[in-house]
Amino acid sequence: MIDLGALAKITKAFKVIDNDKSTNRLSHAYLIVCQDAENLEGYMRYFAKQLLCSESVPCESCRHCSLINSNAHQDVFFYPTSEKGILTEDINAIISESYVRPIESEKKVFVLSNAQTMNAVTQNKLLKTLEEPPKNVYILIGTTSEQAILPTVKSRVKKVEISPFSKTVLINALIDQCKDREKLENAVACSDGTLGKTLALYQDQNLKNVIDLGIEILTKMQSSKDVLEYSTKIIKNKTDLDQFFDVLDMLLRDTLVKECGDQSLITNPNALNQLQNANFKNGALISIISAVTDARKRKQFNANQNMLIEWLLFKILEEKFRWQKL
Ligand SMILES: [Zn+2]
C-alpha cells in the first residue's frame, strides 16, 4: 500500500492548514487544488483527519482518525456520493446537516472531492453556506481544475495546493510497490509529478517501447526517407501521440540539462545515456522543445495526425543539422 499520508504531509496544503490549526485560525473553507484525479479523495480524507486529530500530523490511531478511515465518523461527510459528481441535492443535504450539532467532536467537516463536477447552479447554492457558515462547520473543497470553480466561490475560500512532487519523492513513495527500478524511473520521468499518472505509466506496457522509439529517432534519423519510415511506424503502431510528445520532451530536456543545468534535475539517466551520440546543439534542443509544444497544440485542434508527425520529425531533422552547421 502506498502511504498517501507521507506525501500529503509534505504538501503546501498540509503546511497551510497546519499553521492555521496551530494558531487557531482555521478557515471555514479550503479549496484544495490537485492535478491527481485518482488520489484527490485520498488526500482530502487526510486533510479531514488533520482537522479533527489532536496531533498536528494525523496519528492514524485515535478515534477520529480511525473513524474517518473507515468512513464511519458521524461528523465527517464525503461527497460526491454518486458517479454523477456533486449535485445540487448534495449541497441541500450539506446545508441542512450543517445546522445539526456535531456528535463526536466539536467540528463538523464536509469533504467535497471532484468539485470540478459542480455546475454553476450547484456552486451558487454552496456559496450561500460559504458566505454564512454555521459555527464549527468546515468545508474542504477538492478540485482538479481551479478554472472550474466560480470566482465568487473562490473569493470565499482559502486556496491551497498539492503541487507536483519531485522525482526523488515519487521514487521513494513507490519503490516498495514498484519493484522494477528502470520501469519506475521511466514512469516518473514521463509523469506530471503526480502519483496517479506515475502509477498508470508504470503499468503501461507501451511506455518502454515509446521511449526506445524516441531514442532511436533522436539518434538515428538522418534523412527525409527516415522521417517517412518513422512516421509510418508511429501511425501503424497506433502510438499514443501525447505519450510520444511527453517522451520527446523528457529526452530533449534531459539532454539540455546535461549540457547546461543542475545535474540533479535529470529525470531519466538511463535513457540519457543512450542519447550520447545524438549530437544536438543547445539551440536545436530549445527549438525542438518548442516544436513539441506546437505539435501538442495542433493535435488539440485536430490536425491530421499523419501530417503532424511528419511535420515534427522534419523539424527535428532540420533543426539538428541547421545548428550543427552554425
Ligand atoms: Zn488521530
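Everything numeric here is computed off the predicted structure, so don't read it as measured data. Counting restarts for each chain: residues are numbered from 1 in the order of the written sequence. Local features in this predicted model are restricted to residues whose pLDDT is 70 or higher, and side-chain atom pairs enter the listing and the counts only when it is 80 or higher, whereas totals over whole chains, interfaces and linings include all residues. Think of the side-chain values as coming from all heavy atoms in the structure, minus any hydrogens and water.

**Regarding the overall build of the protein**
Each helix is a run of DSSP H or I of at least 4 residues and each strand a run of E of at least 2, with the numbering of both proceeding from the N terminus. Along the protein, the regular secondary structure elements total 16 helices and five strands. Taken over the C-alpha atoms alone, the protein extends approximately 75 × 40 × 35 Å along its principal axes. Residues classed as buried in the protein amount to 47% of the 326 residues present. Considering only contacts in the protein between residues 6 or more positions apart, those separated by 24 or more positions represent 71%. Total accessible area on the protein stands at roughly 16,400 Å², and carbon and sulfur atoms take up 49% of it. Neither His nor the chain termini are counted; the positive set is Lys and Arg, and the negative set is Asp and Glu. To locate a charge, take atom NZ for lysine, CZ for arginine, CG for aspartate or CD for glutamate. Between the mean site of the 41 positive side-chain charges and the mean site of the 40 negative ones, the protein shows a separation of 3 Å. Only protein chains enter the area calculation, which uses a 1.4 Å probe; residues under 20% of their type maximum are buried, those over 50% are exposed, and those in between are partly exposed. Whether two residues are in contact is decided by their heavy atoms: any pair within 4.5 Å suffices. Exposure was quantified through the Shrake-Rupley algorithm and a 1.4 Å probe, taking into account, for residues, occlusion by the shown protein chains and nothing else.

**Section: the side chain of Ser 287**
By the secondary structure assignment, Ser 287 is in helix H15 (residues 282–300). Setting aside chain neighbours within four positions, we find Ser 287 in contact with Glu 319, Arg 322 and Trp 323.

**With respect to the sheet that holds strand S3 (residues 108–112)**
At least two DSSP bridges between two strands are required for those strands to pair. In spatial order, the strands read S2-S3-S4-S1-S5; together these five strands make up an open sheet with parallel pairing. At either margin of the open sheet sits one strand with a lone partner, and together these are strand S2 (76–79) and strand S5 (158–162). For this sheet, the mean inter-axis angle between neighbouring strands, taken without regard to orientation, is 20 degrees. To obtain an axis, a line is fitted to C-alpha atoms, over the contacting stretch when the element is a helix, and the angle between two such axes runs from 0 to 180 degrees between their N-to-C directions. Strand contacts of helix H5 (residues 88–98): S2, S3 and strand S4 (137–143), with the helix running at about 170 degrees to S3, the strand carrying the most contacts.

**What about the coordination of the zinc ion?**
In this structure, Cys 53 (SG), Cys 59 (SG), Cys 62 (SG) and Cys 65 (SG) serve as the protein donors to the zinc ion, at separations of 2.3 Å. Here the zinc ion is ringed by four donor atoms whose angles at the metal span 102 to 117 degrees, and the overall shape comes out tetrahedral. Every donor residue of the zinc ion comes from the same chain, spaced as C-x5-C-x2-C-x2-C. Only N, O and S atoms count as donors, using a 2.8 Å limit from the metal and a wider 3.2 Å limit for Na, K and Ca, and since water is excluded some coordination spheres may look unfilled. Here a site with four donors is tetrahedral if all angles are between 85 and 135 degrees, and a site with four or six donors is square planar or octahedral if opposite donors are over 155 degrees apart and the other angles are between 65 and 115; anything else gets the irregular label.

**Some words on the pairing of S2**
Burial along S2 is two-sided: Val 76 and Phe 78 and Phe 77 and Tyr 79, pointing in opposite directions, are all buried. Where S2 and S3 come together, four bridges link them in parallel fashion. Across the sheet, Phe 77 pairs through a bridge with Phe 110, a residue of S3. Handedness of a crossover is defined as follows: orient the strands so they point away from the viewer, and if the path from the first strand over the helix to the second runs clockwise, the crossover is right-handed. Once the chain exits S2 it traverses H5 before rejoining the sheet at S3, and the crossover so formed is right-handed.

**Concerning the packing of aromatic side chains**
What counts as a ring pair is set by centres within 6.5 Å for rings of Phe, Tyr and Trp (its six-membered ring), and what kind of pair is set by the plane angle: stacked under 30 degrees, edge-to-face over 60, tilted for all other angles. Per the stated rule, a full pass over the model turns up four aromatic pairs. For the pair Phe 14 and Tyr 46, a centre-to-centre distance of 6.1 Å together with 40 degrees between the ring planes defines the contact as tilted. Separated by 32 residues along the polypeptide, Phe 14 in helix H2 (residues 12–22) and Tyr 46 in helix H3 (residues 40–52) bring together distant segments of the chain. Judged by its relative accessible area of 5%, Phe 14 is buried. Judged by centre distance (5.2 Å) and plane angle (20 degrees), the rings of Phe 77 and Phe 110 are stacked. Here Phe 110 lies in strand S3 and Phe 77 lies in strand S2, a separation of 33 residues in the sequence.

**Examining the domain arrangement of the protein**
The source of the domain bounds is an automatic or database domain assignment. Looking at the assigned domains, one finds that the protein contains domain 1 (4–163) and domain 2 (205–325). In this structure, domain 1 and domain 2 have C-alpha centres spaced 42 Å apart.

**What about the environment of Ser 223?**
Position of Ser 223 among the secondary structure elements: in the loop between helix H11 (207–220) and helix H12 (224–236). For Ser 223, a relative accessible area of 27% translates into the label partly exposed. Along the primary structure Ser 223 and Asn 282 are separated by 59 residues, whereas in three dimensions their C-alpha atoms are 21 Å apart.

**Thoughts on the pattern of salt bridges**
Should a side-chain nitrogen of Lys or Arg be within 4 Å of a carboxyl oxygen of Asp or Glu, the pair is scored as a salt bridge. Per the stated rule, a full pass over the model turns up 19 salt bridges. Between Arg 63 and Glu 104 there is a salt bridge whose closest N-O contact spans 2.9 Å. Here Arg 63, found in helix H4 (residues 63–69), pairs with Glu 104, found in the loop between H5 and S3; they are 41 residues apart in sequence, far enough to count as distant. Its salt-bridge partner being Lys 159, residue Glu 161 comes within 3.9 Å of it at the nearest N-O pair. Of the residues examined, Lys 159 reaches a relative accessible area of 41% and is grouped as partly exposed.

**Quick look at the packing of H15 against helix H16 (residues 305–325)**
As a packed pair, H15 and H16 sit with axes 9 Å apart at the nearest point and diverge in direction by 170 degrees. Here H15 is positioned roughly antiparallel relative to H16, judged by the angle of their axes. Residue-level contacts link Gly 283, Ala 284, Ser 287, Ile 288, Ala 291, Val 292, Asp 294, Ala 295, Arg 298 and Lys 299 of H15 to Gln 305, Leu 308, Trp 311, Leu 312, Lys 315, Ile 316, Glu 319, Lys 320, Arg 322 and Trp 323 of H16. Residue polarity is assigned by list, with Asp, Glu, Lys and Arg as charged and Ala, Val, Leu, Ile, Met, Phe, Trp, Tyr, Cys and Pro as nonpolar; anything else, Gly included, falls into the polar class. Residue composition of the contact of H15 with H16, grouped by class: ten nonpolar, three polar and seven charged. Put simply, angles under 35 degrees are roughly parallel, angles over 145 are roughly antiparallel, angles from 65 to 115 are roughly perpendicular, and the rest are oblique.

**As for the pairing of strand S1 (residues 29–34)**
Most of S1 is tucked away: six of the six residues are buried. The side-chain alternation of S1 yields two buried faces, one formed by Ala 29, Leu 31 and Val 33 and the other by Tyr 30, Ile 32 and Cys 34. Taken together, the five bridges between S1 and S4 define a ladder with parallel strand orientation. The residue of S4 that forms the bridge with Tyr 30 is Leu 140. As judged from the five bridges shared by S1 and S5, these two strands associate in the parallel manner. Bridged to Leu 31 within S5 is Lys 159.

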